[in-house]
Amino acid sequence: MTMHPAKQPFDVIIAGAGPAGSAAALLTARAGLKVLLLERGEYPGAKNVSGAVFYGSAILNELIPGWWEHAPVERHICRREIAFMSPATAVALDFRCAGPGYATAPYNGFTVLRPKFDRWLAAQAEAAGAFVLTSVVVDDVLREKGRIAGVRVRREQGEIYGKVVIACDGVNSFLAKKAGLQREFHPHELSLGVKEVVGLDPAIIQDRFHLTGNDGIAFEYLGAITEDVHGGAFLYTNRDSLSLGLIGQISSLVERRKRPYELLERFKAHPAVAPLVRGGKLREYSAHLIPESGWAMKPKLYTDGMLVAGDAAGFCLAAGLYLEGMNYAMQSGLAAAETAILACQKGNFSARTLAVYQKHLKQRHVSTDFRAYRHAPSFVNGPRLQNLYPEIVAQGMEQIFRVDGAPKRKILPLAYRMVRQSSIKPGQLLRDVYQVARAYLW
Amino acid sequence: MVMTTHEEKMRTVRFRVAATPHIAVNSEICRNDCSVHACVYVCPANLFVPLDDGGILFNYEQCFECGTCYIACNQEGAIRWAYPDGGYGVTFRES
């Protein structure tokens, strides 16, 4: 491909071939636009890490019917567990569903390996007619007459002009910052995830997690599992491996002076986790930042000639019950694509025209979901809900089930005593109950 | 073995090392203005080594390009970074 396309600028330039960028490229290319998808990795997905459960099957099914028949998916999720942990105890909410939509098409969620899945998705965009260029770093935006008119890539004569730029360059989005749309982040707004893919025989995975065929599980852990670092842990099944990881808020890792990979080892050694990972062999260790604050870290989403989508826009819902990013990345990428298509039809790329992005984000339930759960992240990702209460629940169950000749206590006095023994004040507890209700109930 | 040391973890990751570092650490700032040295703890690749004189030694070759050090650093300008050149740096295969 020539690097002198100035005379014939692209309609759309997309920075980053993750789920947001590739979805945007797929839709705009299908609309007949001249699309350039840029990726800094050796291949799309080479720099990408998440849990990874992809909950956007129904969304992708509208674009590519029966996509899972062709894509590199691992297992579809039929069982989810949220476990509250103390150092020696685990109390879990165990959800299983063999019903339609979970165990049948289009399936509710799939575990994926990002380097394989993201590469496949970018190939779909390429097949639809997008130019995909890998091993290219986008360093800056180009400005012309006060609007963004393209990107500067780190190559000889690396000025590439386009009518609209979509920044899908991830959590650290240099482009959103260069365009003046995003501010610097605080260490309490982001979490670090460290992850391992651990090889395990598929027959052992089936037996160990009570699975048939290609069923899979998604387990998530809260409480003492991260010691006193605000965060959690996860364990997911792939075809012949497990994906497991530990997530810690940066500010609390710093305050507690904890090394994330040491916490990860302690997670694997927990008595409720060790039997699940036993016999596994480490295949790959990885790490990535997570924009956990959601709505609170949302940048300005558009300006003259540019839109922001995916993690770059903070569209990652980390709100306890929900740990979803790829689906919102894809939805926001599609919303940006719809906006770009409309702007190309009008031949107008001003911020005023691109403002319709907000409407498309609403129609695709991105901004509505993030707005509805805007109170959840700061509270859910705080110390009491991620660490203290789960641990109290785990310890409480341990006392309820313990038979040691002492008189049995009823649950209310037991709970009263447990709360008294902890550092929580009754007023705080009441406020937290209200916060949980406000975050999830209405 | 499922339990692994940090060295064993890092041996599973593929890096294509660029000729020039993509991260710069101004050790003067680490030495004079920072007593926290958060980068030493939070870096998932354990790339920051505290020196006896209070400075920080940095090794960029096995960087995950996650950005945690930049976010965690409480001193303006001590850590500067950009992504490595296209195709260089970490290449995940299974994550």
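In this text, all values refer to a predicted model and were calculated from it rather than measured experimentally.

### As for the overall build of chain B
- Assigned secondary structure in chain B consists of 4 helices and 6 strands.
- What you see in chain B, going N to C, is helices and strands ordered as α-β-β-α-α-β-β-α-β-β.
- Structurally, chain B occupies a C-alpha span of about 40 × 35 × 20 Å along its principal axes.
- Counting only residues that meet the buried cut, chain B has 38% of its 95 residues in that class.
- The long-range fraction of contacts in chain B, counting pairs at least 24 apart against all pairs at least 6 apart in sequence, stands at 70%.

### Observations regarding the overall build of chain A
- Secondary structure summary: chain A contains 16 helices and 19 strands in total.
- Here chain A has a C-alpha radius of gyration of 23 Å; the compact-globule value for 442 residues is 22 Å, and the two agree.
- For chain A, the C-alpha atoms occupy an extent of roughly 85 × 50 × 40 Å along the three principal directions.
- In chain A, which comprises 442 residues, the share counted as buried stands at 55%.
- Counting contacts in chain A only where the partners sit at least 6 residues apart, residues at least 24 apart contribute 73% of the total.

### Description of the interface of chain A and chain B
- Taken together, the contact between chain A and chain B spans 46 residues of the former and 31 residues of the latter.
- Residue assignment for the side of chain A that touches chain B shows that the elements contributing at least two residues are α3 (114-127), β11 (191-199), α6 (250-256), α7 (260-269) and β15 (281-290) of chain A.
- With 8 residues, β15(A) is the largest single contributor of residues to the side of chain A that touches chain B.
- Along the lines of polarity and charge, the residues of the side of chain A that touches chain B split into 24 nonpolar, 8 polar and 14 charged.

### Topic: the confidence of the model for chain B
- For chain B, per-residue confidence averages 95 on the pLDDT scale, and 100% of positions sit at 70 or higher.
- Here the predicted complex carries an ipTM of 0.97, next to a pTM of 0.95.

### A few points about the nonpolar core
Residue and element names in this part refer to chain A.
- Ile14, Ala24, Leu37, Ile166 and Leu307 are the most contacted members of the largest nonpolar core, which has 161 residues in total.
- The dominant element in this core, judged by the number of residues it contributes, is helix α9 (residues 326-346), at 10 residues.
- Both of domain 1 (5-70 + 115-183 + 297-364) and domain 2 (378-440) provide at least three residues apiece to this core.
- Every residue in contact with Ala24, bar those within four places of it in the chain, is listed here: Ile14, Ile166, Cys168, Ala309, Gly333, Leu334, Ala336 and Ala337.

### What about the domain arrangement of chain A?
- Each assigned domain of chain A is listed here: domain 1 (5-70 + 115-183 + 297-364) and domain 2 (378-440).
- One C-alpha centre belongs to domain 1 of chain A, the other to domain 2 of chain A, and the line joining them spans 44 Å.

Thresholds applied
Position numbers for residues count from 1 along each chain, tracking the sequence in the order it is written. For naming, the first written chain is A and the first written ligand is 1, with later ones following in the order written. Confidence filtering applies because this is a predicted model: local features only for residues at pLDDT of at least 70, side-chain atom pairs given and counted only at 80 or more, and all residues used for totals across whole chains, interfaces and linings. Secondary structure elements are defined from DSSP: runs of H or I of at least 4 residues count as helices, runs of E of at least 2 residues count as strands, and each element is numbered from the N terminus. Here the C-beta atoms are placed from the backbone, and a residue counts as buried if at least 20 other C-beta atoms lie within 10 Å of its own, exposed if 12 or fewer do, and partly exposed otherwise. A pair of residues counts as a contact when their C-beta atoms, built from backbone coordinates, are separated by no more than 7 Å. Note on method: radius of gyration uses C-alpha positions; expected globular size equals 2.2 Å times residues raised to 0.38. Polar here means any residue outside two lists: the nonpolar Ala, Val, Leu, Ile, Met, Phe, Trp, Tyr, Cys and Pro, and the charged Asp, Glu, Lys and Arg; Gly therefore counts as polar. Scored between 0 and 100, pLDDT is the confidence that the predictor attaches to each residue. Structurally, a nonpolar core is described as a collection of buried Ala, Val, Leu, Ile, Met, Phe, Trp, Tyr and Cys residues joined by way of C-beta atoms within 7 Å. Reported domain spans reflect what an automatic or database domain assignment gives.

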